[in-house]
Amino acid sequence: MPNRITHDILAEIVEIAADAVICMDAFQRITFFNNGAEAIFGWTPDEIIGQRIETLIPERYRANHSRHVAEFGRSGVNARRMGERREIAGVRKSGEEFPAEAAISQVHQGDNVVFSVVLRDVTVRKRFAQRQQFLAEAGEKLASSFGSSETLNQVARLAVPIIADGCILENRVSNGFLAGAAAHLDPDIEEILDEISTAGARIPPKGHPLTEILEKPSPVLLQSNAASRLMEATANPAYLKAVKAMSPQSALFLPLVAREQLIGALTLFRTKRTFDGDDLSLAEDLARLAALALDNARLHDTVRASLRARDEMVGVVSHDLRNPVAAVKMLSRTLLRAPQANGQQAHESIELIAQAAEQMDALIRDLLDVNRLDAGKLMISAMPVDPAVLLTDSLQTLRPLVEEKGISLDLQLETDLPKVMADRERVQQTLSNLVGNAIKFSPAGSKIVVLTRGHAEGVMISVLDHGRGIAPEQVPRVFDRYWQSARTDREGAGLGLAIAKGIIEAHGGRIWIESRPGEGTTASFTLPLA
Ligand code: ADP
């Protein structure tokens, strides 16, 4: 009988099937356990036969399960898919739970009943479906987030807890990385991670996974002992503290690449578990989405910033240029109407017109500088310069201004200062901004000191005044564009210090302000040595 399958062959097929085939008696005791069942559950037939079926079911489902089987026994239906209305799960010998699909059937032999369950482990399929869903949701969320900081936060929120227990996102900046967002399962640890964002940019040391990423943008996985390996390779105190708080077993560093540029890094930490191949490819997919979203967000930021800059510029032009223009119009009309006005009066009017023109010229120059700063086109042609000569020359042109207001100007030079790298004109412009402010905000009869000293970062130049000072909460704002502490300061446009900062930073130096309200202000900057 060539077309009939014998019982022996059938039994063999059932035995070797990849799905679990399990039989039980009326008391729900296991009577048969095939190879597939052994592979899925981890029990051998010897160990499990004779035990109740509950051994294979997570505790919380047990009571319901035996009731369902009993009801099915009474129903007279031959076969039924299990868990049609809800998820079902099995539990392996190791205690690990897994999602499953199963069908139950019953065969009566006289008074005896044999229940058989055919069950499939759907962990991999479920995982794949969850992963697709996660990526779809992540894509949607990231597409609807605006601005780079919101996008970074969104990515951190997506990664924890699905892929990792902790996560740090960093932006690529000229000299390394700058933390942009962090997340952790434990809110206390998350607070510690947040401290990295305020610690400034960091240059990863040699041997650090981020250094490897800078050299070649592909993922770096520290599968075990990540905490101690990272502590060894890290110098940055805030980052050390974060690693210590998380004490990760595994860490996965992923480059964020957009338009062939490394724009940042995503680091995932796991406290106990390690990352497997599936986790790695999910993390890589997330990193790809994140890089794309971050790149878009940055473009969006740039567009917004340039629109804002344009609006501010229009605002300044309409306010600050209007006054001198109005003055010129009025004065010139008066002159035209009375051509024989006496010499003295005419002279004064012409002087005022010249002043207004100068004011407009200065403003236009400042606006153009700000524009250059925005476009990254503020060119510095630095050459070795003796700081003493540079200062003496610069102050020469400022003296008349100081004297006009009855203020004394004192220059204190440390002897034998080394040469600095400076663009003469630009540094003079900076000094004239700083001294100009000192004059503007100092009372007549007071003293302004300009001093130079050697400094760890090169040479430091400070302008000290005894004017009204700046409130501590306002000090961090003075370098902002168009910012002025009072409306009455509207002699300039609030651009001087922003431009000074741009100039000094383009030299590779640093500029800062210290002030005590009522006592005076010191503005200092450094220039690198030649
Ligand atoms: P501007 O001088 O054109 O207003 P700046 O950018 O140079 O713009 O300065 C911004 C603001 O910072 C000033 O308007 C003033 O409120 C404050 N400021 C700057 N320098 C001093 C100073 N030496 N003393 C007191 N306030 C100052």
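Residues numbered from 1 in each chain as written. Predicted model: local features only at pLDDT ≥ 70, side-chain atom pairs only at ≥ 80, totals over all residues. Heavy atoms only, no water.

### Structural notes on the packing of helix α12 (residues 343–374) against helix α15 (residues 496–506)
- α15 packs onto α12 with a crossing angle of 45° between their chain directions and a minimal axis gap of 10 Å. For the element pair α12 / α15, the angle class is oblique. Like other packed secondary-structure pairs, α12 and α15 cross with a definite hand, here left-handed. In contact with Asp366, Asp369, Val370 and Leu373 of α12, α15 contributes Ala498, Ile499 and Gly502. (Axes fitted to C-alpha atoms, helices over the stretch in contact; angles between N-to-C directions. Helix = DSSP H or I, 4+ residues; strand = E, 2+ residues; numbered from the N terminus. Parallel < 35°, antiparallel > 145°, perpendicular 65-115°, else oblique. Left-handed = near helix turned anticlockwise from the far one by under 90°. Contact = heavy atoms within 4.5 Å.)

### Let's talk about the packing of aromatic side chains
- Applying the stated criterion across every chain, the model contains three aromatic pairs.
- The interplanar angle of 45° and the centroid separation of 6.2 Å between the aromatic rings of Phe33 and Phe41 together place this pair among those described as tilted.
- Linked through ring pairs, Phe33, Phe41 and Phe98 together constitute an aromatic cluster.
- Sitting above the plane of the Tyr239 ring, Arg202 keeps its charged end 3.6 Å from the centroid.
- A cation sits over an aromatic face here: Arg510 above Trp512, 4.5 Å from the ring centre. (Phe/Tyr/Trp six-rings, centres within 6.5 Å; stacked < 30°, edge-to-face > 60°. Lys NZ or Arg CZ within 6 Å of the ring centre and 35° of its normal.)

### Re the nonpolar core
- Formed by 35 residues in total, the largest nonpolar core has its most connected members in Val450, Ile461, Val463, Ile513, Phe525 and Leu527.
- Mapped by element, the contributors of at least two residues to this core are α13 (387–404), β14 (420–422), α14 (424–440), β15 (447–455), β16 (458–465), α15, β17 (511–516) and β18 (520–527).
- Per-element tally for this core: the top contributor is α14, with six residues.
- With near-sequence residues (within four places) excluded, Val463 lies in contact with Leu431, Leu434, Val435, Ala438, Ile448, Val449, Val450, Thr521, Thr522 and Ala523. (Core = buried A, V, L, I, M, F, W, Y, C linked by side-chain atoms within 4.5 Å. Buried < 20%, exposed > 50% of the residue type's maximum accessible area, 1.4 Å probe, protein only.)

### With respect to the side chain of Arg426
- Examined against the element boundaries, Arg426 turns out to sit in helix α14.
- In this structure Arg426 comes out as buried when scored by relative accessible area, which is 13%.
- The residues touching Arg426, leaving out its near neighbours within four places in the chain, are Asp369, Arg372, Leu378, Met379, Ile380, Ile503 and His507.

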